[in-house]
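# Per-entry structural report
Here is how the chains run, residue by residue.
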Amino acid sequence: MSPVDLRQGFGMRRLSWTALLVVIGGTSLYLWSWDLERDVTDFIRCRCKLFISADIKVSRIPGAGKGVFAKENISAGTLLWDIKCDAILAEDDWESCWMMPYDDKAKKFLYSLAFSVRKTLASDILLQLLSTAYLSECDVVDGSGKDTKKMQCFVISFDAFNYINHGKEDANVACPSDAMRFQHHVSAAALVAIKNITAGDEILQNYQDYHETDPFLNSIKRKLGLDFEVDLNGGSIPNLLRTRLDDKIK
Ligand SMILES: C[S@@+](CC[C@H](N)C(=O)[O-])C[C@H]1O[C@@H](n2cnc3c(N)ncnc32)[C@H](O)[C@@H]1O
């Protein structure tokens, strides 16, 4: 596993941070106003790091929007991205990111959001947050990557890997095996190259490995009019309503 050099800054980063603060602040206010804050939102402060240089540009997949492209050759087995939710474990140069457990409380809250008649600015902001977050296994128990509970969390980060598109046979990254996690203290939500990747290749992950297969979440997203993945087996993903944060802050 050989981490390559740090990602250089991506455009819009400052705007993304401002938007993130607005989102977290707005969400807390909104939940507090519903007396739900303590019950529903455990936004866990984590640190994330991208270990490679990558470009965000138009994907070669028709209709897929933007994608992530490697700027260098990457060998199979290289750790590309990781997240740690224990401050002691992450170095200072890891960037702030968040996890929110996808548990019964979160499901109850999502349900109330989808079926509530109350529509406010704060609920709109929360929707933006949902549209950028993705589900992944998480290590919230001790933040060390050793958590074997296989919980799922929403990952909220604003780095280039938010733009990874879906691929099946051509997927070249995936979450690490349990053996790799335990041996190298890698998080369950980390991304590892599963093939040799050549500079200029688009980085693709099979979405079925980590999210969008949850019928409840998909029904909520459908109800909320959010972008969601369907028919991943068929290989085509309809471009429904696109509400991604970056589109809003152009
Ligand atoms: C996490 S985003 C990836 C970044 C996205 N392409 C963008 O420009 O913001 C996921 C969305 O990208 C699009 N997408 C990803 N993989 C795709 C594929 N193989 N075919 C078509 N659209 C895809 C879908 O709209 C999906 O909801």
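Given the structure is predicted, the values throughout are model-derived calculations rather than measurements.

### Quick look at the overall build of the chain
Helix and strand counts for the chain come out as seven helices and 11 strands. A buried classification covers 50% of the 250 residues belonging to the chain.

### What to know about helix 6 (residues 215–224)
For helix 6, the set of buried residues is Leu217, Asn218, Ile220, Lys221 and Leu224. Take helix 6 and look down its axis: the buried residues cluster within an arc of 160°, on one side only. At the C-terminal side of helix 6, glycine 225 shows a positive phi close to 75°.

### A word on the confidence of the model for the chain
Model confidence for the chain is summarised by a mean pLDDT of 75, while 65% of its residues fall at 70 or above. Every residue in residues 1–9 scores below 50 in pLDDT, and together they form 27 contacts with partners more than four places removed in sequence or on other chains. Contacts of residues 230–250 to residues separated by more than four positions or lying in other chains number 44 contacts, the stretch itself having pLDDT below 50. With pTM at 0.75, the complex prediction returns an ipTM value of 0.99.

### Looking at the state of the cysteines
Applying the stated criterion across every chain yields a total of three disulfides. Here cysteine 46 engages in a disulfide with cysteine 85; their sulfurs sit 2.1 Å apart. Judged by the torsion about the S-S bond (90°), the cysteine 46/cysteine 85 disulfide is right-handed. With a gap of 39 residues between them, cysteine 46 in strand 1 (residues 44–50) and cysteine 85 in the loop between strand 4 (79–84) and strand 5 (95–101) connect regions that are remote in the sequence. Per residue, the accessibility class of cysteine 46 equals that of cysteine 85, and both read buried. Cysteines bonded in the chain are numbered consecutively along the chain; their disulfide partners then correspond to 1-3, 2-4, 5-6. Considering cysteine sulfurs only, cysteine 138 is the nearest to cysteine 175, which forms no disulfide, with 11 Å between them.

### Digging into the pattern of salt bridges
All chains considered together, the criterion is met by four salt bridges. Of the charged contacts, one joins arginine 181 and aspartate 178 as a salt bridge, the two residues approaching to 3.1 Å between their closest N and O atoms. Placement of both arginine 181 and aspartate 178 in helix 5 (residues 178–184) is noted, with a separation of three residues, approximately one turn of the helix.

### Points about the nonpolar core
Core analysis: the largest hydrophobic core is formed by 28 residues, its most contacted members being Ile52, Trp81, Ile83, Met99, Phe161 and Ile203. Mapped by element, the contributors of at least two residues to this core are strand 1, strand 3 (66–70), strand 4, strand 5, strand 6 (134–138), strand 7 (151–156) and strand 10 (191–193). Setting aside chain neighbours within four positions, we find isoleucine 203 in contact with Ile52, Val68, Ala70, Phe161, Ile164, Asn165, Asn172 and Val173. With 17 residues, the next largest nonpolar core counts Leu129, Ile156, Leu217 and Leu224 among its residues.

### Let's talk about the packing of aromatic side chains
Scanning the entire structure with this criterion turns up two aromatic pairs. Arranged with centres 5.8 Å apart and planes meeting at 85°, the rings of phenylalanine 51 and tryptophan 94 form a pair that is edge-to-face. Taken together, the residues phenylalanine 51 in the loop between strand 1 and strand 2 (54–58) and tryptophan 94 in the loop between strand 4 and strand 5 connect sequence positions 43 residues apart. Under the relative-accessibility criterion, tryptophan 94 is labelled buried at 8%. Centroid distance tyrosine 102 to phenylalanine 154: 5.4 Å. Interplanar angle 75°. Geometry classified as edge-to-face. Here tyrosine 102 is found in the loop between strand 5 and helix 3 (104–115), whereas its partner phenylalanine 154 is found in strand 7, with 52 residues between them in sequence.

Rules behind the numbers
- Residues numbered from 1 in each chain as written.
- Predicted model: local features only at pLDDT ≥ 70, side-chain atom pairs only at ≥ 80, totals over all residues.
- Heavy atoms only, no water.
- Helix = DSSP H or I, 4+ residues; strand = E, 2+ residues; numbered from the N terminus.
- Buried < 20%, exposed > 50% of the residue type's maximum accessible area, 1.4 Å probe, protein only.
- Arc of directions from axis to C-beta.
- pLDDT = per-residue confidence, 0-100.
- Contact = heavy atoms within 4.5 Å.
- Disulfide = S-S within 2.5 Å.
- Salt bridge = Lys/Arg side-chain N within 4 Å of Asp/Glu carboxyl O.
- Core = buried A, V, L, I, M, F, W, Y, C linked by side-chain atoms within 4.5 Å.
- Phe/Tyr/Trp six-rings, centres within 6.5 Å; stacked < 30°, edge-to-face > 60°.

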